[in-house]
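Here is how the chains run, residue by residue.
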Amino acid sequence: MLSCTPTLEMGIDIGDLSTVILCSMPPAQSQFLQRAGRAGCKDGNSLTLAIANAKLHDLYFYEDPMDMIAGNVTPPKIFLKASAVLERQFVAFCMDSWVKEGISEEVIPDKTGVILKK
């Protein structure tokens with residue numbers, strides 16, 4: 001079992017993953033297709049289950065699921081000037097670097113907010 005954030009959309013090869021269960025309908029078609037496409041990479045067989053919440057968006061696609069995958073796919077966008085995206089990328093880079101260097105856990109701050117404010 002694997003629980004993921006929207007980073008599951010980033011094209012990660014998860015290998016033997018055969019089933020994707022979505023706890024709600026993604027906001028856009030491209031996001032749905034990316035998440036569903038993580039399963040079945042090894043042999044082409046997969047199952048995607050989407051659980052519809054009581055939100056109008058989810059209920060709409062529960063009534064007409066083919067509408068989520070029909071038509072042209074609009075590629076997802078990212079705005080590189082979005083500070084929240086840059087902060088997350090910077091923190092991930094720092095954590096990666098610390099792990100690769102083998103730095104002891106004591107020197108890694110408990111809260112990354114301290115780093116971001118500097």
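Preceding this section is the structure that the text describes.
Note that the structure is a prediction, hence the values are computed from the model and not measured. Counting starts from 1 at the beginning of each chain's written sequence and moves along it residue by residue. Given that this is a predicted model, residues contribute local features only at a pLDDT of at least 70 and side-chain atom pairs are listed and counted only at 80 or more, while totals for whole chains, interfaces and linings are drawn from all residues. The side-chain figures draw on all heavy atoms in the structure; neither hydrogens nor water molecules are used.

Enquirer: Quick question: what am I supposed to make of the overall build of the chain here?
Expert: Strands are runs of DSSP state E lasting at least two residues, helices are runs of H or I lasting at least four, and both sets are numbered from the N terminus onward. When helices and strands are tallied, the chain shows 5 helices and 2 strands. Reading the helices (α) and strands (β) of the chain from amino to carboxyl end gives β-α-β-α-α-α-α. Residues classed as buried in the chain amount to 17% of the 118 residues present. As displayed, the chain offers around 9300 Å² of accessible surface, 59% of which is attributable to carbon and sulfur atoms. Relative accessibility thresholds used throughout: buried, under 20% of the residue-type maximum; exposed, over 50%; partly exposed, between the two (1.4 Å probe, protein chains only). In this description, accessible areas are obtained by the Shrake-Rupley approach with a 1.4 Å probe, and a residue is regarded as covered only by the protein chains that are shown.

Enquirer: How do you make sense of the pairing of strand β2 (residues 47–50) when you look at a structure like this?
Expert: One face of the sheet, then the other: side chains in a regular strand alternate in exactly this way. The pairing of strand β1 (residues 19–22) with β2 spans 4 bridges and is classified as parallel. Paired with Leu22 across the strands is Ala50, a residue of β2. Regarding the hand of the β-α-β motif, the stretch spanning β1, helix α1 (residues 29–36) and β2 is right-handed. Note on pairing: DSSP must find at least two bridges between two strands before they are called paired. Handedness of a crossover is defined as follows: orient the strands so they point away from the viewer, and if the path from the first strand over the helix to the second runs clockwise, the crossover is right-handed.

Enquirer: Quick question: what am I supposed to make of the nonpolar core here?
Expert: For soluble globular proteins, nonpolar side chains are generally found buried alongside one another. Val20, Leu22, Met25, Phe32, Ala36, Ala39, Phe61 and Met68 together form the largest nonpolar core, which totals 8 residues. Those elements that place two or more of their residues in this core are β1 and α1. Apart from residues no more than four positions distant in its own chain, Leu22 is found in contact with Phe32, Arg35, Thr48, Leu49, Ala50 and Ile51. What is meant by a nonpolar core is a set of buried Ala, Val, Leu, Ile, Met, Phe, Trp, Tyr and Cys residues, joined one to another through side-chain atoms within 4.5 Å. Note on contacts: a residue pair is in contact if any heavy atoms of the two residues lie within 4.5 Å.

Enquirer: Explain α1 to me, please; I cannot follow it from the model alone.
Expert: Side chains three or four residues apart in an α-helix point the same way, a direct result of the helix having 3.6 residues per turn. For α1, the set of buried residues is Gln29, Ser30, Phe32, Arg35 and Ala36. Tucked inside the fold, the buried residues of α1 contact β1, β2 and α3 (66–69).

Enquirer: Which parts of the structure should I look at to understand the pattern of salt bridges?
Expert: If charged atoms from side chains of opposite charge come close, those side chains can pair. We define a salt bridge as a side-chain nitrogen of Lys or Arg found within 4 Å of a carboxyl oxygen belonging to Asp or Glu. Enumeration according to the criterion identifies 1 salt bridge in this entry. A salt bridge links Lys42 to Asp16, with the nearest nitrogen and oxygen atoms 3.1 Å apart. Of this pair, Lys42 sits in the loop between α1 and β2 while Asp16 sits in the segment before β1, and the two are 26 residues apart along the sequence. Each member of the pair, Lys42 as well as Asp16, is classed as exposed.

Enquirer: It is not clear to me how the environment of Asn45 should be interpreted in this structure. Could you clarify?
Expert: Here Asn45 lies in the loop between α1 and β2. Along the chain, Asn45 and Ser18 lie 27 residues apart, while their C-alpha atoms are 6.7 Å from each other. When sequence neighbours within four positions are dropped, the list of residues in contact with Asn45 reads Ser18 and Gly40.

Enquirer: Looking at this model, I keep getting lost on the side chain of Arg38. Mind explaining?
Expert: Its place among the elements puts Arg38 in the loop between α1 and β2. Looking at Arg38, its side chain comes within polar contact range of the main-chain oxygen of Gln34, at 3.1 Å. Counted as a polar contact is a pair of N or O atoms within 3.5 Å, where, for protein atoms, one must be capable of donating a hydrogen and the other of accepting one, and residues adjacent in sequence contribute only when both atoms are in side chains.

Enquirer: Explain a nonpolar patch on the surface here, please?
Expert: Patches in this entry comprise residues that are over 30% relatively accessible and not in a salt bridge; like charges within 9 Å are linked, as are nonpolar side chains (Val, Leu, Ile, Met, Phe, Trp, Tyr) within 5 Å. Judged by side-chain polarity, Ile21, Leu47, Leu49 and Ile51 come together as a nonpolar surface patch covering roughly 360 Å² of accessible area. For Leu47, the location among the structural elements is in strand β2. Residue Leu47 is classed as partly exposed on the basis of its relative accessible area of 42%.

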